[in-house]
Amino acid sequence: KQKAILRLVESPHYLEVSANDNISQTANHAFDAAQLECWLAWNNGACLVIFDKKTFLDPKIFKKELIDKKITIMWFTVALFHQYAYMDPSIFRNVNYLITGGDVVDKKAVVRIRNCPDVKVNIVEAYGPTETGIFTSTCTIHDEIIKNYSQLPIGTPVNNTEVYVLSPFNQFVPMVGIGLLFIGGKG
């Protein structure tokens, strides 16, 4: 299982992380995303800032804490991401990277955050089943993605991961084809 985690936190291509970052831990310790938050910080020399549930569920307190603790990278479940995107998108004002996953990301929520003045956060959609080691692929959502896709794509595979779309007869399907997603690699 450690190889599945390392492929996400060792030289990740979906974000830039350094010893200057403060990474929030909002995921329940029993949830796989907690491993991402911890190991992303520890593996890259960043600071891990632990938030209790009461703090991150209170928008006013959480917004103040994000600023006070200088949080630069965070993970949110899609449900919590949507809640804050519609309630107060300015909460992400000082965050550099916001990773979200675990469900379908609503494009309107992303647009709401991107349209908020002074918010420059990079929103990274993380896709894939827990069984592959938290997630399989990522998509950094930028203007071209929003403009060109009605639904957000699942992106590209993370390090040491391969994805294939195959027909029911285990044949590769064309780029616009429909098939089953097969995942391989360290995860």
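What you see is a predicted model, and the numbers here were worked out from it, not measured in a lab.

(A) Structural context of the layout of surface pockets. In this structure, the largest pocket encloses a volume near 990 Å³. Mapped onto the lining of the largest pocket, the elements with two or more residues apiece are β5 (122-127) and β8 (161-166). Residue composition of the lining of the largest pocket, grouped by class: 22 nonpolar, 10 polar and 5 charged.

(B) Region of the structure containing a nonpolar patch on the surface. On the surface, a cluster of nonpolar side chains totalling about 340 Å² of accessible area is made up of Y127, I154, V165, L181 and I183. Within the element layout of this structure, V165 appears in strand β8. Residue classification places V165 among the partly exposed positions, given a relative accessible area of 33%.

(C) View of empty space enclosed by the protein. As enumerated under the stated definition, the model contains 1 cavity of 30 Å³ or more in all. There is about 30 Å³ of room inside the largest cavity. In terms of lining residues, the largest cavity is bounded by I23, L36, E37, L40, I73, M74, W75 and I99. When contributions to the lining of the largest cavity are tallied by element, the ones reaching two or more residues are α2 (33-44) and β3 (73-77). Of the residues belonging to the lining of the largest cavity, the class tally is 7 nonpolar, no polar and 1 charged.

(D) Molecular detail of the side chain of D32. Structurally, D32 is set in the loop between β1 (22-25) and α2. Residue D32 is classed as buried on the basis of its relative accessible area of 15%. The contact partners of D32, leaving out residues within four places of it in the chain, are T130 and I134.

(E) Spotlight on helix α5 (residues 78-87). Of the positions making up α5, those classed as buried are V78, L80, F81, H82, Y84 and A85. Where α5 is buried, its residues contact α3 (53-56), α4 (59-68), β3, β4 (97-101), α6 (107-114) and β5.

(F) The state of the cysteines, seen in detail. Counted under the stated rule, the structure contains 0 disulfides. C38 takes part in no disulfide bond, and the closest cysteine sulfur to it belongs to C47, at a distance of 12 Å. Look at C38 and you get buried, because its relative accessible area is 11%.

Definitions and limits used
Residues numbered from 1 in each chain as written. Predicted model: local features only at pLDDT ≥ 70, side-chain atom pairs only at ≥ 80, totals over all residues. Heavy atoms only, no water. 1 Å grid on protein atoms, 1.4 Å probe; cavity = no way out; pocket = protein on both sides within 12 Å on 5 of 7 lines; lining within 4 Å. Points joined across faces, edges and corners; volume = space filled by probe spheres on them. Helix = DSSP H or I, 4+ residues; strand = E, 2+ residues; numbered from the N terminus. Nonpolar A, V, L, I, M, F, W, Y, C, P; charged D, E, K, R; others polar. Patch = residues over 30% accessible without salt bridge, like charges linked within 9 Å, V, L, I, M, F, W, Y side chains within 5 Å. Areas by Shrake-Rupley, 256 points an atom, 1.4 Å probe, with all protein chains shown as cover. Salt bridge = Lys/Arg side-chain N within 4 Å of Asp/Glu carboxyl O. Buried < 20%, exposed > 50% of the residue type's maximum accessible area, 1.4 Å probe, protein only. Contact = heavy atoms within 4.5 Å. Disulfide = S-S within 2.5 Å.

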